[in-house]
Amino acid sequence: MEFAVISRGDEVSEAKKEIVTQYLNGQGFNYNQVFPRVVIAIGGDGTVLQAFHTYKHRLESTAFIAYNTGHLGFYSDWDNVESLLEAIVDSSLITVEYPLVQAEVEADGQTVTYQALNDVTIKGVKGSVQIDVRLNNHHFESFKGDGLCISSPSGSTGYNKSLGGAIVHPSLEIIQLSEMASINNRVYRTIGSSLVIPKHHILTLLPKADTYMLSVDHESFPVESIQQLTCSVAKEKIRFLRCRSFPFWNRVKEAFISLNDCEPRGGR
Ligand code: NAD
């Protein structure tokens, strides 16, 4: 089987990368950076995002393993290299699939499509922004504030959570729109709550100014002459290989509430 490893680049992650690569090569696996069937991301959530963006063009044939070497890895459930290597060699891994956000940006007469594992955000370059929000092509509200965040279910525990959005189980194929500090008065009015938007529904954002800052997961960049941003649940999903059943709600509890008193693991 072809595999590749992406490391955060720190000393610990690089050492684990060396162990993983040598062991798997010795077991007859082939290191293949271009066409890997399995990508092992060693580091934290940022490393998982980096691995996803490196191989998002081949999601159908590539699965991801997230190995955590930091203090908090929301995507990772591996932190023991021996058990990881045994599970890869024995093929005793569980596959879970997570929905993604698809964002089509129309700017300067061109459309560019992005996929996000966590979220897409749109903000102003300086100051607040005005954005018309349309749902399934009907005007819903006119937003003024710091910006808007569109998250996937697995990204709902990232930026979306800091914005007061709901935490969504990744078995639900939805995207979520959350406001960043909306201004509400007699002139500007928004719903104030996050909106959970199902598959096949289309969220269209029509910005009123010319240049905006867009972020797709860990990358931010300015977009000039933006006409609209259309978001929906992507057709493709990401596949993670897990060593054990680690229910999503246990992961949420371990990450945000307490490490020590989770229920025994079992189920997804
Ligand atoms: P980063 O280095 O700024 O780290 C952001 C933190 O978010 C890290 O602690 C990371 O472990 C955590 N994180 C990332 N994805 C997560 C997820 N799905 N669930 C729970 N925690 C998660 O940036 P990074 O590591 O490159 O990650 C980029 C992500 O950071 C963005 O996609 C966005 O979700 C998040 N972010 C959060 C805020 C905020 O909460 N105010 C602001 C900007 C970006």
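Nothing here was measured: the structure is a model prediction, and the numbers come from that model. (Residues numbered from 1 in each chain as written. Predicted model: local features only at pLDDT ≥ 70, side-chain atom pairs only at ≥ 80, totals over all residues. Heavy atoms only, no water.)

### Remarks on helix α1 (residues 11-26)
Next up, step 1: The end-to-end C-alpha separation of α1 is 23 Å, in line with the 22 Å expected for 16 residues at 1.5 Å each.
Next up, step 2: For α1, the complete set of buried residues consists of S13, V20, T21 and L24. Buried positions in α1, seen along its axis, are confined to an arc of 95° and lie on one side of it. In this structure, α1 carries E11, Q22 and G26 as exposed residues pointing more than 90 degrees from its buried face.
Next up, step 3: Elements in contact with the buried residues of α1: β1 (2-7), β2 (30-31), β3 (38-43) and α3 (81-90). (Helix = DSSP H or I, 4+ residues; strand = E, 2+ residues; numbered from the N terminus. Expected span 1.5 Å × (residues − 1). Buried < 20%, exposed > 50% of the residue type's maximum accessible area, 1.4 Å probe, protein only. Arc of directions from axis to C-beta. Contact = heavy atoms within 4.5 Å.)

### Quick notes on the nonpolar core
Next up, step 1: One finds I122 and L205 to be the most contacted residues of the largest nonpolar core, which totals 27 residues.
Next up, step 2: Those residues in contact with I122, other than ones at most four positions away along the chain, are I131, D146, G147, L148, L205, P207, Y212, M213, L214, I226 and L229.
Next up, step 3: Of all hydrophobic cores here, the second largest spans 20 residues; its members include L59, F64, I238 and F240. (Core = buried A, V, L, I, M, F, W, Y, C linked by side-chain atoms within 4.5 Å.)

### Observations regarding the packing of aromatic side chains
Next up, step 1: Enumeration over the complete set of coordinates arrives at nine aromatic pairs.
Next up, step 2: Consider the rings of Y75 and F240, whose centres lie 5.6 Å apart with planes at 25°: the pair is stacked. Taken together, the residues Y75 in the loop between β4 (63-68) and α3 and F240 in strand β15 (residues 226-242) connect sequence positions 165 residues apart. Each member of the pair Y75 and F240 is classed as buried.
Next up, step 3: Ring geometry for F248 against W249: centres 5.0 Å apart, planes inclined by 70°, an arrangement best described as edge-to-face.
Next up, step 4: The exposure class of F248 is buried, given its relative accessible area of 2%.
Next up, step 5: In textbook terms, an aromatic cluster arises when at least three aromatic residues are bridged by ring pairs, as seen for F64, F74, Y75, Y98, F240, F248, W249 and F256.
Next up, step 6: Positioned above the aromatic ring of F240 is the side chain of R242, whose terminal nitrogen or guanidinium carbon lies 5.6 Å from the ring centre.
Next up, step 7: Against the face of F74 rests R251, its NZ or CZ located 5.6 Å from the ring centre. (Phe/Tyr/Trp six-rings, centres within 6.5 Å; stacked < 30°, edge-to-face > 60°. Lys NZ or Arg CZ within 6 Å of the ring centre and 35° of its normal.)

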